[in-house]
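Residue strings, one per chain:
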Amino acid sequence: APGNNIVAILGAAHTIGIQKYINEDYSIREFDVVPQKKLSSKVFSWLIPVIIVVAILLSFSFDTEMGLHQILSWILYNGTLAALGTLVAGGHILSALTAFIVAPISSLNPLMAAGWFAGLMEAHLRKPAVKDFDELSNELSLKLLRSNKVTKVLMVVILANLGSSIGTFLSGIGIFGSLLNH
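Residues numbered from 1 in each chain as written. Predicted model: local features only at pLDDT ≥ 70, side-chain atom pairs only at ≥ 80, totals over all residues. Heavy atoms only, no water.

> Which parts of the structure should I look at to understand a nonpolar patch on the surface?
A surface patch of nonpolar side chains, about 550 Å² in accessible area, is lined by F44, L47, I48, I51, F169 and F176. Those elements giving two or more residues to the nonpolar patch turn out to be α2 (39–62) and α8 (149–181). It is α2 that contributes the most residues to the nonpolar patch, four residues altogether. On the secondary structure map, F176 appears in helix α8. With a relative accessible area of 34%, F176 lands in the partly exposed category. (Patch = residues over 30% accessible without salt bridge, like charges linked within 9 Å, V, L, I, M, F, W, Y side chains within 5 Å. Areas by Shrake-Rupley, 256 points an atom, 1.4 Å probe, with all protein chains shown as cover. Salt bridge = Lys/Arg side-chain N within 4 Å of Asp/Glu carboxyl O. Helix = DSSP H or I, 4+ residues; strand = E, 2+ residues; numbered from the N terminus. Buried < 20%, exposed > 50% of the residue type's maximum accessible area, 1.4 Å probe, protein only.)

Listed below in structure tokens is the structure:
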């Protein structure tokens, strides 16, 4: 744009970084380039799911019943804790059921998350309106977080993901504990 003045509106949390770098020269083209992901981050994101699947397959090689128990444990820990997180957030029962079904699968894929699916279901069932977005400019309170449809969807996403993550670690510990004890 022509002129020497630039006006920017940003959140307070960004001002420290802006003030730190405001007087440095940058080419605008630098911001058009999306940095390539490092191979190590790609490998690490798939490392835990692959290790857990290998551990479950190993448990089948020791004992079929133990392998079935590990799969059931995986499903129940992931699904139950994701559904519980959804319900704690005040989510609809169908959102909790969605979290329960999706969590055991999505926890094995770093590109998916149970909370995304539960949140989509919540947004579908309790469609946020413009007034819900307008309320966000008011002072946030626990009452607003629980009653506002936008924040409720966000809480469902966060708590379903948290529940699934905890379920992944708990069932993973159980799976490895069973392998070590066998």
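Here the narrative resumes.
> How should the packing of α2 against helix α3 (residues 64–88) be read in this particular structure?
Helix packing for two helices is described by the angle between their axes and how far apart those axes are. Relative to each other, α2 and α3 sit at 150°, their axes nearing to 5 Å. As summarised for this structure, α2 and α3 are arranged roughly antiparallel, according to the angle between their axes. Along the contact surface, α2 presents I52, I56, S59, F60 and F62, while α3 presents T64, M66, G67, L68, Q70, I71 and W74. Partitioning the contact of α2 with α3 into residue classes produces eight nonpolar, four polar and no charged. (Axes fitted to C-alpha atoms, helices over the stretch in contact; angles between N-to-C directions. Parallel < 35°, antiparallel > 145°, perpendicular 65-115°, else oblique. Contact = heavy atoms within 4.5 Å. Nonpolar A, V, L, I, M, F, W, Y, C, P; charged D, E, K, R; others polar.)

> Can you walk me through helix α4 (residues 93–106) in this structure?
Within an α-helix, residues lying three or four positions from one another point in the same direction, as the helix has 3.6 residues per turn. Relative to the 20 Å expected for 14 residues at 1.5 Å per residue, α4 spans 19 Å between its end C-alpha atoms, a close match to the ideal helical length. When α4 is considered as a whole, its buried residues turn out to be S95, A96, T98, A99, V102, A103, P104 and S106. Residues of α4 that are buried sit in contact with α3, α5 (114–125) and α8. (Expected span 1.5 Å × (residues − 1).)

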